[in-house]
Amino acid sequence: MIRVYENEDITKFYVKFRPKFQECLVERVLKFCNERQENDNQDLMVDVACGSGQATSAFQKHFKRIVGIDVSPNQIKEARLANEHDNIKYEVGTAENIPLGESSVDLLISATACHRFDLGKFFTEAKRVMKPDGCMALFSYNAPTIIPKNIKDPARRQVLSDKTTSLLLKYDKSYKYEQSNVYQEDKYRDIFKKVCAENKQWITEDLVMKCEWNLVQMMGFLHSLAAYHEYMKIMKEEHKDASEEEVKKWDRAVLLRDFVKREWEMEGVKDEDVMMEAHFYVYMVLANKLK
Ligand SMILES: C[S@@+](CC[C@H](N)C(=O)[O-])C[C@H]1O[C@@H](n2cnc3c(N)ncnc32)[C@H](O)[C@@H]1O
């Protein structure tokens, strides 16, 4: 099993800087369920690989009980600390061995995670815990499109948007786990094909979550990426005697910050005053009545 969200170096950033899932996504999932389920099925939802609860809490008011599970005890610790709702519980558990009874779940979701699962085992578990007419929603996003603010010339803004977005996208690629990159690059097309269900839908275009960010938040997002930590670990192992100055030459946090300050011509501006929009394009596989 891939274990990349384990220590506090990453989970502290995760809870603070990953986007919460927005109402447009929740509505889309519930519309799919309501159109296909015969009863008012809103008893139990499970969020598999819930992290610190970004998707779990978005569904809070729609279910009597919600359980978030994650393989990482530190993610679960952060999720519990951030939890404000009596109907949500967080437990350590895995996608391949979901700690719930048979035919108990009305909706199973998994956000920005299933590209890392053992999909064969996960689908068997999903079918086991879901009610016969239950629904499943698997969704994710890639690094966001960044649109600088306070840059008046539209052509220059577009160029800076393209350059910054592609740098962030490059820094979000895993070195070690190529298969998960492939699943994300094709926006879960392959995962959609692998899901066996009576009804299924693949959404790739029109679900966009928009966030107002400053440079501190963009750097926080970078620090919440597994790819950033994997890369730093590999580089530190390869350059054991590197000085602080040498580390700065390949530390992607330093490179990204320097890039933005230089290219956006904002060298004298405080990080919290460098403003931008971050647009997360969500892709999603919806399924009902797993086979
Ligand atoms: C990118 S985070 C997503 C967290 C959250 N769902 C979100 O959207 O922000 C991926 C999460 O998947 C968890 N994870 C990875 N493989 C898992 C598995 N096989 N079973 C349970 N959790 C897993 C990691 O610990 C991590 O918290």
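Residues numbered from 1 in each chain as written. Predicted model: local features only at pLDDT ≥ 70, side-chain atom pairs only at ≥ 80, totals over all residues.

Burial analysis of strand β4 (residues 105-111) places seven of its seven residues in the buried class, which makes it a mostly covered element. Inspection of the sheet shows strand β1 (residues 44-48) paired to β4 by three bridges, in the parallel sense. In the strand pairing of β4, methionine 45 is matched with leucine 107. Relative to strand β5 (residues 130-141), β4 runs parallel, the two being bridged by six bridges. Bridging across to β5, valine 105 finds its partner in methionine 130. Where the polypeptide runs from β4 across helix α4 (residues 119-129) and back to β5, its parallel neighbour, the crossover connection is right-handed. (Buried ≥ 20, exposed ≤ 12 C-beta atoms within 10 Å, placed from the backbone. Helix = DSSP H or I, 4+ residues; strand = E, 2+ residues; numbered from the N terminus. Pairing = 2+ DSSP bridges. Right-handed = clockwise from strand over helix to strand, strands pointing away.)

Further remarks concern the packing of helix α8 (residues 215-223) against helix α11 (residues 252-263). Axis separation between α8 and α11 bottoms out at 10 Å; the angle between their running directions is 155°. One way to sum up the angle between α8 and α11 is to call them roughly antiparallel. Of the two possible hands of crossing, α8 and α11 adopt the one that is right-handed. Side by side, α8 and α11 meet where Leu215, Met219, Leu222 and His223 of the first sit next to Arg252, Ala253, Leu256, Arg257 and Val260 of the second. Tallied by class, the residues present in the contact of α8 with α11 amount to six nonpolar, one polar and two charged. (Axes fitted to C-alpha atoms, helices over the stretch in contact; angles between N-to-C directions. Parallel < 35°, antiparallel > 145°, perpendicular 65-115°, else oblique. Left-handed = near helix turned anticlockwise from the far one by under 90°. Contact = placed C-beta atoms within 7 Å. Nonpolar A, V, L, I, M, F, W, Y, C, P; charged D, E, K, R; others polar.)

Within the largest apolar cluster, 75 residues are counted, with the highest numbers of intra-cluster contacts made by Val46, Leu108, Met136, Ala137, Leu138 and Met284. Top contributing element to this core by residue count: strand β9 (residues 275-290), with 10 residues. No fewer than three residues from each of domain 1 (8-141 + 178-205 + 281-290) and domain 2 (145-171 + 213-276) sit in this core. The residues contacting leucine 138, other than those within four sequence positions of it, are Ser110, Cys114, Tyr188, Ile191, Met284 and Val285. (Core = buried A, V, L, I, M, F, W, Y, C linked by C-beta atoms within 7 Å. Domains from an automatic or database assignment.)

With respect to spatial proximity, 21 residues lie near the ligand, and among them Ala49, Gly51, Val71, Ser72 and Ala111 are the closest. Looking at the shell around the ligand residue by residue, the class counts come to 11 nonpolar, six polar and four charged. (Near = placed C-beta within 6 Å.)

Before going further, it helps to spend a moment on the domain arrangement of the protein chain. Once the domains are mapped, the protein chain shows domain 1 (8-141 + 178-205 + 281-290) and domain 2 (145-171 + 213-276). The interface of domain 1 with domain 2 comprises seven residues on the first partner and six residues on the second. For the side of domain 1 that touches domain 2, a count of residues per class yields four nonpolar, no polar and three charged.

All right, on to the environment of phenylalanine 13 then. Within the element layout of this structure, phenylalanine 13 appears in helix α1 (residues 8-17). Taking the C-alpha atoms as reference points, phenylalanine 13 and tryptophan 264, separated by 251 residues in sequence, lie 25 Å from one another. Beyond its immediate sequence surroundings of up to four residues, phenylalanine 13 is in contact with Gly220, His223 and Ser224.

Below, the discussion takes up the environment of glutamate 265. Position of glutamate 265 among the secondary structure elements: in the loop between α11 and β9. On the basis of neighbour count, glutamate 265 is assigned to the exposed category, with 11 C-beta atoms found within 10 Å. Sequence separation of glutamate 265 and isoleucine 151 is 114 residues, and the distance between their C-alpha atoms is 9.6 Å.

Quick look at α4 now. Taken as a whole, α4 has its buried residues at Leu119, Phe122, Phe123, Glu125 and Ala126. The buried residues of α4 occupy an angular sector of 165° when projected down its axis, which confines them to one face. Exposed residues lying more than 90 degrees from the buried face of α4 are Gly120 and Thr124. Here the buried face of α4 lies against β4, β5, α7 (189-194) and β9. (Arc of directions from axis to C-beta.)

Regarding helix α6 (residues 178-185), the residues found buried are Ser180, Tyr183 and Gln184. The buried residues of α6 occupy an angular sector of 95° when projected down its axis, which confines them to one face. In this structure, α6 carries Glu178 and Val182 as exposed residues pointing more than 90 degrees from its buried face. Buried residues in α6 make contact with β5 and α7.

Here the focus is the packing of α1 against α8. In contact at an axis separation of 8 Å, α1 and α8 are set at 135° when each is read in the N-to-C sense. It follows from the interaxial angle that α1 and α8 lie oblique. Relative to α8, the crossing made by α1 is left-handed. Side by side, α1 and α8 meet where Phe13, Lys16 and Phe17 of the first sit next to Gln217, Gly220, Phe221 and His223 of the second. Partitioning the contact of α1 with α8 into residue classes produces three nonpolar, three polar and one charged.

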